[in-house]
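As a plain string of letters, each chain reads:
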Amino acid sequence: MVKICCIGAGYVGGPTMAMIALKCPDIQVVVVDISKPRIAAWNSADLPIYEPGLDEVVKACRDKNLFFSTDVEKHVAEADIVFVSVNTPTKTRGLGAGKAADLTYWESAARMIADVSKSDKIVVEKSTVPVKTAEAIEKILTHNNDKGINFQILSNPEFLAEGTAIEDLAKPDRVLIGGRETPGGRKAVEALKAVYAHWVPEDRILTTNLWSAELSKLAANAFLAQRISSINAMSALCESTGANVSEVAYAVGKDSRIGPKFLNASVGFGGSCFQKDILNLVYICECNGLPEVAHYWKQVVQINDYQKTRFVKRVVSSMFNTVSGKKIAILGFAFKKDTGDTRETPAIDVCHGLLGDKALLSIYDPQVTEDQMKRDLAMNKFDWDHPQHLQPQSPTAFKQVSVVWDAYEATKDAHAVCIITEWDEFKKLDYQRIYDNMQKPAFIFDGRNVLGVEALRKIGFVVYSIGKPLDP
Ligand code: NAD
């Protein structure tokens with residue numbers, strides 16, 4: 001029986017390994033992590049991450065051919081294939097701070113693999129890493145290996161999106177495997193291909209050289225984020241000219257060279273990957289003597305920051321230039337619907353902006369805990385041009401924040417409602433009831449363009465949507 005071990009039981013390691021276990025009953029999969037609470041949660045009825053369909057997949061194979069453990073070294077030593085899916089956040093200090101990927105976790109995992117291994121292994125980069133990381137990992141593995149073990153490094157970046165992870169894993173657009181163009185490298189690629197071939201059609205399994213696979217992941221995230229920043233940039237122009245961004249996106253997306261997906265204007269993108277990976281790309285370009293290319297991609301992140309700031313300015317200016325002492329309901333805190341993940345969520349910047357203007361915030365999200373929100377709000381936004389200015393924010397602003405477990409409670413007596421996450425339940429709320437219980441004039445700022453503007457205006461709301469004609 002082939003044995004797989006995955007280091008890192010996070011948003012990627014957990015679901016990807018659960019899918020492999022589900023589709024490959026002949027393979028034993030062990031997911032290991034240094035975090036005891038995380039592993040305990042994976043072994044309980046209350047999984048550590050919310051993802052539609054994940055509970056069922058885990059239930060179907062846990063303790064059969066899927067295991068979660070903190071005994072990292074034992075399971076790495078026993079595995080034939082070791083996936084590494086640890087976090088690769090943006091460096092917060094030192095060389096490249098604010099842009100470069102922090103590979104501390106990756107390097108310590110690689111050193112541990114070298115230390116504990118007693119047999120040949122395929123080591124798979126599942127984390128998103130800078131192009132050329134495999135070369136560094138090879139050096140670490142071979143320099144720390146006097147046992148004659150053969151390590152083959154593969155790049156197999158993950159393209160799942162949170163909120164649709166199970167669907168994406170079950171029917172991926174493509175699986176990408178990069179390996180060395182040597183007999184050993186080719187053999188390793190074939191071994192990993194054989195795992196995915198249990199359920200992924202052959203024409204969707206792409207094989208490339210190592211550097212193409214590593215760079216493709218950064219490029220894919222940069223292109224996706226670029227589409228959002230492009231339509232968000234258009235949304236600002238729509239508001240100034242009377243054009244409607246939904247109509248523009250529809251017309252533009254009908255061109256088959258462009259396509260309709262990922263063209264929704266919004267308060268801005270969030271999540272742990274887009275900003276981090278573009279900044280990483282920017283840093284790599286700078287290190288390779290390509291400042292113009294770095295500048296080009298940097299704009300994608302800067303337009304995103306601009307969009308979040310624009311949203312806050314619109315809220316404050318619409319409410320007679322002050323939100324001081326006014327209750328504002330924040331509906332949604334996760335960075336997108338169907339996940340409880342709040343990493344880089346635009347909610348943080350919007351809340352910071354409104355708190356700075358002394359608003360009283362009442363926040364509701366169906367999947368995010370109060371502790372998580374407060375932890376996020378206590379963090380200062382990272383200023384990547386001035387990383388030395390990074391200071392933890394004092395939590396005094398928390399007196400202005402209350403977290404509630406119901407959208408009606410959040411909106412009661414509020415002056416305004418801000419939709420920050422596109423949760424389906426927000427579309428189905430009784431807005432007449434909400435209006436009746438709010439201060440007047442009652443404002444709605446729809447940061448996701450998910451509500452029916454006409455119906456809301458009929459009720460009496462003053463409505464602002466992104467890139468749409470303003471309330472007459
Ligand atoms: P995560 O923070 O949820 O999980 C990483 C886990 O690795 C944590 O539980 C941590 O405790 C564990 N870990 C760190 N060092 C370890 C070590 N030495 N030994 C054992 N465990 C260790 O991160 P994530 O969201 O799953 O992302 C993982 C990687 O996948 C990142 O590189 C990310 O960029 C990439 N990625 C993420 C997504 C996404 O949607 N989240 C999608 C595609 C790719």
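Nothing here was measured: the structure is a model prediction, and the numbers come from that model.

Student: Any chance you could break down the domain arrangement of the chain for me, citing the residues and the numbers?
Tutor: Under the domain assignment used here, the chain contains domain 1 (2–200) and domain 2 (221–465). Using C-alpha coordinates to define each centre, domain 1 is positioned 32 Å away from domain 2. Partitioned by chemical class, the residues of the side of domain 1 that touches domain 2 number 10 nonpolar, 6 polar and 4 charged.

Student: For the packing of helix H11 (residues 274–287) against helix H12 (residues 291–318), give the residues involved together with the corresponding values.
Tutor: Contact geometry of H11 with H12 gives a least axis separation of 8 Å together with a crossing angle of 165°. Viewed along their axes, H11 and H12 adopt a mutual orientation that is roughly antiparallel. The element H11 and its partner H12 pack so that their crossing is left-handed. For the pair H11 and H12, contact is made by Gln275, Ile278, Leu279, Leu281, Val282, Cys285 and Glu286 and by Pro291, Val293, Ala294, Trp297, Lys298, Val300 and Val301, respectively. Taken together, the residues that form the contact of H11 with H12 break down as 11 nonpolar, 1 polar and 2 charged.

Student: How would you sum up H12? Please name residues and give values.
Tutor: Taking 1.5 Å per residue, 28 residues should reach 40 Å; H12 reaches 39 Å between its end C-alpha atoms and fits that length. A bend of about 25° at glutamine 299 is the largest found in H12. Close packing links the buried residues of H12 with helix H9 (210–241), H11, helix H13 (346–356), strand S12 (416–419) and strand S13 (443–446). One or two residues past the end of H12 sits phenylalanine 320, with phi positive at roughly 65°.

Rules used in this analysis
Residues numbered from 1 in each chain as written. Predicted model: local features only at pLDDT ≥ 70, side-chain atom pairs only at ≥ 80, totals over all residues. Domains from an automatic or database assignment. Nonpolar A, V, L, I, M, F, W, Y, C, P; charged D, E, K, R; others polar. Axes fitted to C-alpha atoms, helices over the stretch in contact; angles between N-to-C directions. Helix = DSSP H or I, 4+ residues; strand = E, 2+ residues; numbered from the N terminus. Parallel < 35°, antiparallel > 145°, perpendicular 65-115°, else oblique. Left-handed = near helix turned anticlockwise from the far one by under 90°. Contact = placed C-beta atoms within 7 Å. Expected span 1.5 Å × (residues − 1). Bend = angle between axes of the 7 residues up to and from the residue.

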